[in-house]
Amino acid sequence: MPAIPVTVLTGFLGAGKTSFLNRLLADPALADTAVVINEFGAVGLDHLLVETAGEGVALLAAGCLCCTIRGELIDTLEDLGARRDAGTLPPFRRVVIETSGLADPAPILQTLAVHPGLAARYALDGVVTLVDAVNGEATLDGHAESVRQAAVADRLVLTKADLAEAGTVDRLRRRLARLNPAAPVLDVREAAAGDVLGLGADLARWLGGDGHRHDHAHDHHAHDEGRHDAHHHGHDVDRHDDRIRSFSLASAAAVPPGRLETFLGLLAARHGPDLLRFKALVKLADDPERPVVLHAVQHVLHPPLRLERWPGEERTSRLVFIVRDIPPADIEALFAALLGEPRLDAPDFAALADNPLALR
Ligand SMILES: Nc1nc2c(ncn2[C@@H]2O[C@H](COP(=O)(O)OP(=O)(O)OP(=O)(O)O)[C@@H](O)[C@H]2O)c(=O)[nH]1
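Remember, it's a predicted structure, so these values are computed and weren't measured experimentally. (Residues numbered from 1 in each chain as written. Predicted model: local features only at pLDDT ≥ 70, side-chain atom pairs only at ≥ 80, totals over all residues.)

The helix and strand tally for the protein chain stands at 14 helices and 13 strands. Looking at the 360 residues of the protein chain, the share that counts as buried comes to 41%. Look at the contacts in the protein chain between residues 6 or more apart in sequence, and 76% of them connect residues 24 or more apart. (Helix = DSSP H or I, 4+ residues; strand = E, 2+ residues; numbered from the N terminus. Buried ≥ 20, exposed ≤ 12 C-beta atoms within 10 Å, placed from the backbone. Contact = placed C-beta atoms within 7 Å.)

This is how it looks when you write it as structure tokens:
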């Protein structure tokens, strides 16, 4: 049997992986694709937001795919294969793995290559790394994971160039070319399925840690940081290192839209760049049956998207945060204020209630 091609779709938190994946899945070239999604943090939302989510979508347990849950990836891929053999899953012809934004892809590639059960059935087709044009340079400066993701890519895809200045995009392109000269850089607006699939990467080059790609990498960050630094990854799935952690908040209460706006404003103003990633499904009081999807990536708050209906059974608001150095209690207090549950000791409710935008 020919090996099933596996595409690893990676990119730092909020780079646009799920959005791009959704677009790819609409392409007939990706019919019969099984999707495996890995999110960092205990509550996953991405699988709800992958529009064509059918039987072939598997959500991995929380944690970083690169270390804490590598076994889970093996089990999931083996299970998908077994269900395909048994006829309980349609005979998918390709797999796309969307990694968490904090994952180092190299250990994932090694797992695919060296695990006997996986290597017999699957073959890496390529690594596609998305880089956000607005936050890209700061992210490369501040997060070694993002350098590793760019360094191992077969294709680099620039997202959000529509939001960035031309000069910023040019600088980022030059930096990416130094970091990974072998990978073509595409603009997501022009990238089609055919540009990122069928790359047929040669797995062997990843064996033994540093692949030859790193030999070409001139950015010294890539040399210094290209190695997987195991001690940075604890086994607490909600913590990436001592500074980065994920937590989630939930409530069944509907929120007045104006108050949500103030909440988002306060969140950005107080926590700005340390709010690495925020995504949420929120029940709004004006139309509780049509939740709103919110995304923030560092200081960028993306336009909210109103869904026609709740994805899945649960009709509760769910907010997922990935933060650096922000005590969860600070955000919990703000959330309580958003819900109209003031804590006497917290100034947040006053800030929300006094805001002229707030709908009571
Ligand atoms: N303007 C603009 N917005 C984009 C683009 N790509 C993604 N976005 C927005 O960026 C936000 C985050 O996109 P996602 O696709 O969820 O990002 P992700 O990489 O899957 O996020 P994580 O899984 O949390 O790491 C969403 O609000 C998207 O609509 C783009 O090219 N241009």
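Moving on, there is more to tell.
Right, let's talk about the site of the ligand for a bit. Near the ligand, the surroundings consist of 20 residues, among which G16, T18, G101, H295 and H302 are the closest. Residue assignment for the shell around the ligand shows that the elements contributing at least two residues are α1 (17–25), β9 (275–282) and β10 (292–297). For the shell around the ligand, a count of residues per class yields 5 nonpolar, 9 polar and 6 charged. (Near = placed C-beta within 6 Å. Nonpolar A, V, L, I, M, F, W, Y, C, P; charged D, E, K, R; others polar.)

In terms of nonpolar packing, the biggest core is built from 75 residues, with V131, A150, L156, V157 and F321 touching the most fellow members. A domain-level breakdown of this core finds at least three residues from each of domain 1 (4–232) and domain 2 (244–354). If we ignore the near neighbours within four places in the chain, the residues touching L156 are T129, V131, A150, L176, N180, A183 and V185. (Core = buried A, V, L, I, M, F, W, Y, C linked by C-beta atoms within 7 Å. Domains from an automatic or database assignment.)

Let us look at the environment of G340. Secondary-structure assignment places G340 in the loop between α13 (328–338) and α14 (348–354). Residue class for G340 comes out partly exposed when judged on the 15 C-beta atoms lying within 10 Å of it. A C-alpha to C-alpha distance of 20 Å links G340 and A269, two positions 71 residues apart in sequence.

Our focus in this paragraph is α13. Here α13 has its buried residues at I331, L334, F335, A337 and L338. Down the axis, α13 shows its buried residues gathered within 160 degrees of arc, on one side only. Trailing α13 by a residue or two, G340 shows a phi angle of about 75 degrees, which is positive. (Arc of directions from axis to C-beta.)

Before going further, it helps to spend a moment on the UniProt feature "domain: CobW C-terminal" (unreviewed entry) in the protein chain. Summarizing the sequence annotation, UniProt attributes the feature "domain: CobW C-terminal" (unreviewed entry) to residues 244–339 in the numbering used throughout. Between the first and last C-alpha atoms of residues 244–339 the distance is 26 Å; the span itself is 27% helix and 35% strand. (UniProt positions renumbered as here; feature names shortened; annotations may be inferred.)

Another aspect to go through is unusual backbone geometry. Of note, D32 is a non-glycine position whose phi angle comes to about 60 degrees, a positive value. Counting through the fold element by element, D32 comes out in the loop between α1 and β2 (33–37).

Judged by how many residues are buried, strand β5 (residues 122–132) sits mostly within the fold: 9 of 11 residues are covered. Alignment of β5 against strand β6 (residues 155–159), held across 5 bridges, turns out to be parallel. Among the inter-strand pairings, T129 is bridged to a residue of β6, identified as L156. (Pairing = 2+ DSSP bridges.)

Overall, the predicted model of the protein chain reaches an average pLDDT of 77, with 74% of residues at or above 70. With pLDDT under 50 throughout, residues 356–360 is counted as low confidence; its partners more than four residues away or in other chains account for 13 contacts. For this predicted complex, the interface score ipTM comes out at 0.98, while the overall pTM is 0.73. (pLDDT = per-residue confidence, 0-100.)

With that settled, consider helix α8 (residues 166–179). With 14 residues, α8 extends 20 Å from end C-alpha to end C-alpha; this agrees with the ideal 20 Å at 1.5 Å per step. Among all positions of α8, only L172, L176 and L179 are buried. Considered in projection along α8, the buried side chains sweep an arc of 60 degrees and stay on one side of the axis. Of the residues in α8, the exposed ones pointing more than 90 degrees away from the buried face are A166, G167, D170 and R174. (Expected span 1.5 Å × (residues − 1).)

The buried fraction of β2 amounts to 5 of the 5 residues, a majority that puts the element mostly inside the structure. With burial as the criterion, each face of β2 is covered, one bearing T33, V35 and I37 and the other bearing A34 and V36. Of the strand pairs in this sheet, β2 and strand β4 (residues 94–98) are connected by 5 bridges, and their pairing is parallel. In the sheet register, V36 faces β4, and the bridge partner there is I97.

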